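Chain and residue survey
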Amino acid sequence: MFNSYKEEAYFASSLYEFLRKEFLFFMKKFFLMVFTLIFIATGCYTVDNTKVTEKESPKSDIGEIKIPFLVYTNEPGNKHSAMLAYWDLNNSKVNLTEKMVYVSEDPNFVTPLFWDGDGRIVLRKTYYPTDEYKDKVDFVKGNDVGMVYGKDIEAKGNLDDNPEPIKKVKNYTLYLHNGSDVMEKNVPFLYKTKDDKGNDITVGEYNQPCFIDYDSKTGDITFIFDYQFETHSNIYVAKCNVGNIDKISWDEIRLPGGGVVYTPCPNNTMLVGSKYYIQCFKTLGEVDLKTRKATLLDDVAKECRSIVKEGSFKPDYSKDITPVGKYKDVLILNLPISTDTNVEPLICAFKDNKLLGAIHLKSDDRWDVIGPDKKVASSMDVKGKNLYKEFGADLMYFPGREDISY
């Protein structure tokens, strides 16, 4: 085959070099493939691990949320000081500051008529704000009995002159706050309809609104009334705009039945966005004003009641869940819970009906601050704070709660 030994040696040498190069090329491709697989696997593991961490941390899916609220200290002469506090929902902590907002000289009235948590606060004439808050205060008017106070709005029902034991409301005078300007308007929030027996009725004629709202940016005004029929309960939602205030639209919304008792008032209902929350017997009602859908939030009620394990004490009243405030898009609820000897408040924060945290005000003057995982994240002793108690518990006042002057 080969003409000489040299040709044979040359062929063998060439074959060896060819095979060596092919082997090296194959090994390079092999190691490159292995390295690529390791890189992909490592990358996938890192991404998955990050997702698990985010999933396990309930703080990761919400922005920074600090809820301002007021607590009250006992002062000499039967006075009470309103002190600013913050509830840090991201870190499940409470900060009681040394900042005083106002002093109340009337022991019968301690909380404001309205406070938005940032700017405007409505106080009675027996309250004295500190210098820092003087520019933010609106004092009640001289003859304000029966006036409802809400967000950038007050509403007073004007009675007719009919010689009846109970006067009828003929219209409402609205005081609309646009920064430093106050616009005064008269609006007849009266709606003629039929009751469950076919009789003529006028919603708003005898009953006060259970919630009012004014958006100073858009000019939208919302009034909510309730009406108790023999067979069911309704709410009636009146809407108009300050630019065309006589053009009022009405929505009639039937509330769920099943033995539920509804007692909506300004101080126990709350409007968060388009969702209107109502205190009702043992559960929580929600009405979406956009879709006009009314539901009972039994899951939210169960979520509240499962945060703290209750004791054996059984009070002689229903431990209803009460909306007590809102800040931005966070709803604040109050639920009385039982120990073995008495009842203690549990304050719960929800956003889009998801639990963000809670504060358990214990009778031994300790506050347990609870995270969204229902575990106690921090605890604080308030025994030396000399806090004012209402119904045996430290009084907290949260923004957004409306009230009626008496």
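Residues numbered from 1 in each chain as written. Predicted model: local features only at pLDDT ≥ 70, side-chain atom pairs only at ≥ 80, totals over all residues. Heavy atoms only, no water.

**Considerations on the overall build of the protein**
- Counting its secondary structure elements, the protein contains two helices and 31 strands.
- Considering only residue pairs separated by 6 or more positions, the protein has 46% of its internal contacts joining residues 24 or more positions apart.
- Of the roughly 22300 Å² of accessible surface on the protein, a fraction of 53% belongs to carbon and sulfur atoms. (Helix = DSSP H or I, 4+ residues; strand = E, 2+ residues; numbered from the N terminus. Contact = heavy atoms within 4.5 Å. Areas by Shrake-Rupley, 256 points an atom, 1.4 Å probe, with all protein chains shown as cover.)

**Some thoughts on the sheet that holds strand β17 (residues 244-254)**
- Spatial strand order, β14-β15-β16-β17: four strands in an open sheet with antiparallel pairing. Both outer strands of the open sheet, β14 (211-214) and β17, are each paired with one neighbouring strand and no more. Taken over all neighbouring pairs, the strand axes of this sheet differ in orientation by 15° on average, direction set aside. (Pairing = 2+ DSSP bridges. Axes fitted to C-alpha atoms, helices over the stretch in contact; angles between N-to-C directions.)

**Brief notes about the side chain of Q279**
- The residue Q279 is located in strand β19 (residues 275-280) in this model.
- Judged by its relative accessible area of 14%, Q279 is buried.
- In this structure the side chain of Q279 is engaged in a polar contact, spanning 2.9 Å, whose partner is the side chain of N268.
- At 3.4 Å, the side chain of Q279 and the side chain of T322 are in polar contact.
- Once residues lying within four places of it in the same chain are set aside, the contact partners of Q279 are V261, Y262, T263, N268, D320, I321, T322 and P323. (Buried < 20%, exposed > 50% of the residue type's maximum accessible area, 1.4 Å probe, protein only. Polar contact = N/O pair within 3.5 Å; in protein donor to acceptor, adjacent residues only side chain to side chain.)

**Describing the sheet that holds strand β26 (residues 366-370)**
- The six strands are arranged β22-β23-β24-β25-β26-β27 in an open sheet whose pairing can be described as antiparallel. The outermost strands of the open sheet, each flanked by one partner alone, are β22 (322-327) and β27 (376-381). Strand-to-strand twist across the sheet, computed as the mean angle between neighbouring axes with direction ignored, equals 20°.
- Pairing geometry for strand β23 (residues 330-338) and strand β24 (residues 343-351), over eight bridges, is antiparallel. Across the sheet, L331 pairs through a bridge with F350, a residue of β24.
- Where helix α2 (residues 298-305) meets the sheet, it contacts β23, β24 and β25 (354-361), and its direction lies at approximately 130° from that of β24.

**A few points about the side chain of S274**
- You can see S274 is positioned in the loop between β18 (269-272) and β19.
- Leaving out residues up to four positions away in the same chain, S274 has contacts with V287, D288, L289 and K290.

**Some points on the packing of aromatic side chains**
- Scanning all chains against the criterion turns up 14 aromatic pairs.
- Over the ring of F109 we find R124, and its NZ or CZ is 3.9 Å from the ring centre. (Phe/Tyr/Trp six-rings, centres within 6.5 Å; stacked < 30°, edge-to-face > 60°. Lys NZ or Arg CZ within 6 Å of the ring centre and 35° of its normal.)

**Regarding the pairing of strand β16 (residues 233-241)**
- Judged by how many residues are buried, β16 sits mostly within the fold: seven of nine residues are covered.
- With nine bridges joining them, strand β15 (residues 220-228) and β16 adopt antiparallel strand pairing. Across the sheet, residue T222 finds its bridge partner in β16, namely K239.
- Here β15 folds back onto β16, and the loop between the two strands holds four residues.

**Comments concerning the pattern of salt bridges**
- Enumeration according to the criterion identifies 15 salt bridges in this entry.
- Close ionic contact of E205 with K168 constitutes a salt bridge, the shortest N to O distance being 3.7 Å. With a gap of 37 residues between them, E205 in the loop between β13 (200-203) and β14 and K168 in the loop between β9 (153-159) and β10 (169-178) connect regions that are remote in the sequence.
- Judged by relative accessible area, K168 falls into the partly exposed class, the value being 21%.
- Between K374 and E303 there is a salt bridge, and its shortest N-O distance comes to 3.5 Å. Highlighted residues: K374 in the loop between β26 and β27 and E303 in helix α2, separated in sequence by 71 residues.
- A residue is classified by how much of its surface remains accessible, and K374, at 29% relative accessible area, is partly exposed.
- By relative accessible area, E303 is classed as partly exposed at 27%.
- Here the residues in one salt-bridge network are R120, D138 and E154, joined through shared partners. (Salt bridge = Lys/Arg side-chain N within 4 Å of Asp/Glu carboxyl O.)

**Description of the pairing of β15**
- Here β14 runs beside β15; their pairing, made up of four bridges, is antiparallel. Across the sheet, the residue bridging to F211 is I224, located in β15.
- Turn length for the β14-β15 hairpin, with the two strands adjacent in sequence and antiparallel, is five residues, and the turn residue G219 shows positive phi of about 85°.

**Thoughts on the confidence of the model for the protein**
- Taken residue by residue, the protein gives an average pLDDT of 85. The fraction at 70 or more is 84%.
- Taken element by element, the predicted model of the protein shows its lowest mean pLDDT in helix α1 (residues 5-56) (36) and its highest in strand β30 (residues 396-397) (98). (pLDDT = per-residue confidence, 0-100.)

**Digging into α2**
- Burial in α2 covers these residues: V300, A301 and C304. In an axial view of α2, the angular spread of the buried residues amounts to 100°, which keeps them on one side of the axis. Exposed and facing more than 90 degrees away from the buried side of α2 are D299 and K302.
- Lining the buried residues of α2 we find β20 (283-288), β23 and β24. (Arc of directions from axis to C-beta.)

**Section: the nonpolar core**
- Among the nonpolar cores identified, the biggest contains 37 residues, and I235, Y276, V287 and L333 are the most heavily contacted of them.
- Of all elements in the fold, only β16, β18, β19, β20, α2, β23, β24 and β25 reach the threshold of two or more residues within this core.
- Residue contacts for Y276: discarding those within four places in its chain leaves C210, F211, I224, I235, P264, T269, M270, L271, G285, E286, V287 and L289.
- W87, V94, I332 and L356 belong to the second-largest nonpolar core, a separate cluster that totals 26 residues. (Core = buried A, V, L, I, M, F, W, Y, C linked by side-chain atoms within 4.5 Å.)

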